Structure formats: structure tokens, C-alpha cells
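Spelled out, the chains give:
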Amino acid sequence: MFQTKTQYDRGVNTFSPEGRLFQVEYAIEAIKLGTTAIGIKTNFGIVLAVEKRITSSLMESSSVEKLMEIDKNIGCAMSGLTADARTLVNHARVECQNHFFTYDEPLKVSSCVQAVCDKKIKFGHGGKDSVSRPYGVALLIAGCDKDGSAHLFHTDPSGTYIEYKAKAVGVGQEGAQSELQENYNDELTLRQAENLALNTLKQVMEEKIESENVQIASVTADNGFVIHNSDYVQDIMRRIEDSA
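One structure accompanies this document, and this report is about it.

Calculation rules
Residues numbered from 1 in each chain as written. Predicted model: local features only at pLDDT ≥ 70, side-chain atom pairs only at ≥ 80, totals over all residues. Heavy atoms only, no water. Helix = DSSP H or I, 4+ residues; strand = E, 2+ residues; numbered from the N terminus. Expected span 1.5 Å × (residues − 1). Buried < 20%, exposed > 50% of the residue type's maximum accessible area, 1.4 Å probe, protein only. Arc of directions from axis to C-beta. Contact = heavy atoms within 4.5 Å. Polar contact = N/O pair within 3.5 Å; in protein donor to acceptor, adjacent residues only side chain to side chain. Pairing = 2+ DSSP bridges. Axes fitted to C-alpha atoms, helices over the stretch in contact; angles between N-to-C directions. Core = buried A, V, L, I, M, F, W, Y, C linked by side-chain atoms within 4.5 Å. Parallel < 35°, antiparallel > 145°, perpendicular 65-115°, else oblique. Left-handed = near helix turned anticlockwise from the far one by under 90°. Nonpolar A, V, L, I, M, F, W, Y, C, P; charged D, E, K, R; others polar.

Quick look at helix α6 (residues 230-243) now. Along its 14 residues, α6 runs 20 Å from first to last C-alpha, staying within 8% of the 20 Å computed at 1.5 Å per residue. Inspection of α6 places Val233, Ile236, Met237, Arg239 and Ile240 among the buried residues, and these make up the whole buried set. The arc that holds the buried residues of α6, viewed along the axis, is 155°, so those residues lie on one side. Residues Glu241 and Asp242 are exposed on α6 and point more than 90 degrees away from its buried face. Contacts made by the buried residues of α6 are with α5 (190-204) and β9 (214-220). Near the N-terminus of α6, the side chain that reaches the backbone nitrogen of Asp231, with its oxygen 3.3 Å away, is that of Asn229.

Strand order in this open sheet of five strands is β8-β1-β2-β9-β10, and the pairing throughout is antiparallel. Of all the strands in the sheet, just β8 (166-169) and β10 (224-227) have a single pairing partner and so form its edges. Ignoring which end each strand starts from, the neighbouring axes of this sheet average 10° apart. Pairing between strand β2 (residues 45-51) and β9: six bridges, direction antiparallel.

What follows concerns helix α3 (residues 109-120). Between the first and last C-alpha of α3 there are 17 Å, a value that for twelve residues agrees with the 16 Å anticipated at 1.5 Å per step. Next to the buried residues of α3 lie β3 (67-71), β4 (74-80), α2 (82-103), β5 (137-144), β6 (150-155) and β7 (161-163).

A few words on the nonpolar core. Membership of the largest hydrophobic core comes to 23 residues, with the highest contact counts inside it found for Ile38, Ile40, Leu198 and Leu201. Breaking this core down by element, the ones donating at least two residues are β1 (37-42), β2, β8, α4 (173-183), α5, β9 and α6. With five residues, the single largest contributor to this core is α5. Counting 21 residues, the second-largest nonpolar core is a separate cluster that includes Cys112, Tyr135, Val137 and Phe153.

Running from N to C, α4 and α5 cross one another at 140°; their axes reach a closest spacing of 9 Å. With respect to their mutual orientation, α4 and α5 come out oblique. Between α4 and α5 lies a crossing whose hand is right-handed. Touching Gly175, Ala176, Glu179, Leu180 and Asn183 of α4 are Leu196, Thr200, Gln203 and Val204, all from α5. Of the residues in the contact of α4 with α5, the class split is four nonpolar, four polar and one charged.

This part is about the packing of α5 against α6. Two elements in contact, α5 and α6, have axes whose closest approach is 10 Å; the angle formed by their N-to-C orientations is 85°. Judged by the inter-axis angle, α5 sits roughly perpendicular to α6. In this structure, α5 contributes Arg191, Glu194, Asn195, Leu198 and Asn199 to the contact, and α6 contributes Tyr232, Val233, Ile236, Met237, Arg239 and Ile240. Among the residues making up the contact of α5 with α6, the classes are represented as six nonpolar, two polar and three charged.

Here Leu88 shows up in helix α2. With 51 residues separating them along the chain, Leu88 and Leu139 place their C-alpha atoms 9.3 Å apart.

Given below as C-alpha cells:
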């Protein structure tokens, strides 16, 4: 992808003559090595599903966090460097709490996403909030505003954010996005979205899908952000098998 190796790929804030920031592009490529994460928006809420890569039988699967709560009405799925995701999620949590204590209302999902992307774009600027490189993580941020409207945003290392109806990131994103493009429709129920999310993961994961190596969460106006347990995942897997 990057044919010319010059001094331009060493400076995090240096544009090449072609107008490219190579360090940002490298960070985006790094995300494609991360585990697959999927978000699907419906009229009833949003479903997030993630692959948990268990590389050893000695690992505790519960310690691998790919879904994180930001506020009671906002959560996210991540692909890429977990440490970078944790830093950004902690920043988003502070923004949400500051807004609630100041205005006595939850922060809008779009404002939370903008705060995260403002943090992402500060690489190489200097100062206490700056980092020396782009954050190597993509986040799927899902939430419901106080009017009940659901939103699903994708953010990348460049600080760009876009709202989607359905989105996949990570190593299996191309195959997963094609599957979502083919099977998504605006009339999906939450249960159908759960089936579609896990079925899509099943298509793109290298390992056999099990309740230990996948995780699923939902965001609704009534219940907020909820990460479901392994029994709930097994129920969805049984539904998929029955329908097949």
C-alpha cells in the first residue's frame, strides 16, 4: 500500500507531497488486525457484538474487554489497541459525568462522540492532553438520547466520525460489511438484529463461535446499555440454529 518510504512517514504531523498523513494511515491499517466488532441499529435500539480472541486456554475470557460502558445510555465496541480504547472511554466517561452534573441531563450521543474524536485529533500537538502518535483503535459508539432516538457512530484514528445503520470493523470487516449490506433492513427487530450480528460474526471468525469467544450488548431507551451474559449468547446461538 505504501510504496515510497520517505521522511514523511516519520513525522506524525507531516503531510507528504501527495497530501497524506502516513502515521494515521498506518494506525487505520493496524485496526484491520484487531478483532471484529459489529453494530446494528434498529427502531427499537442498537445491538453491539464483538469477537473475543482467546489465544490461550489459560486465559480468563472474562478479562478480555471489547465492550465498554460510557454512560448508562451509551456504550461502545472496540477494535484495535485495548489500552488506547480504555484511555478514550475514560475521557468520554468524564465528559458525560461533567455534563450531567452541570446540566442535570445525559450528554447527547453525538456530543459524546465529538468529545472522543476531539481527543483523538490531539496527537502530536504537545501539552498534557497530547499523545505522540494517533490512537490505534476504532470505536463503534452506540447510545440513545433522552428523546428515545438511537444512534450508532463509527470513529477512526483520524478523528473522523460517521453515523451508520450497520457497521463492522476489525479483521473481518470486509466480509462482515458485505453480509450486513445484504441482510440489513430498516424493519429489523432487536431479536433479529441479534441474530444477524452473531450470524455475521460466525461467517467471518476464524475460530468456531462459542459463548466464551463472543460478546453481545444492547442499548435501548428503556434499559440503557446492557452487556449480556454467556447464557444470553447461547440462547441467540440456539435461535440461529433453529432458524437454519
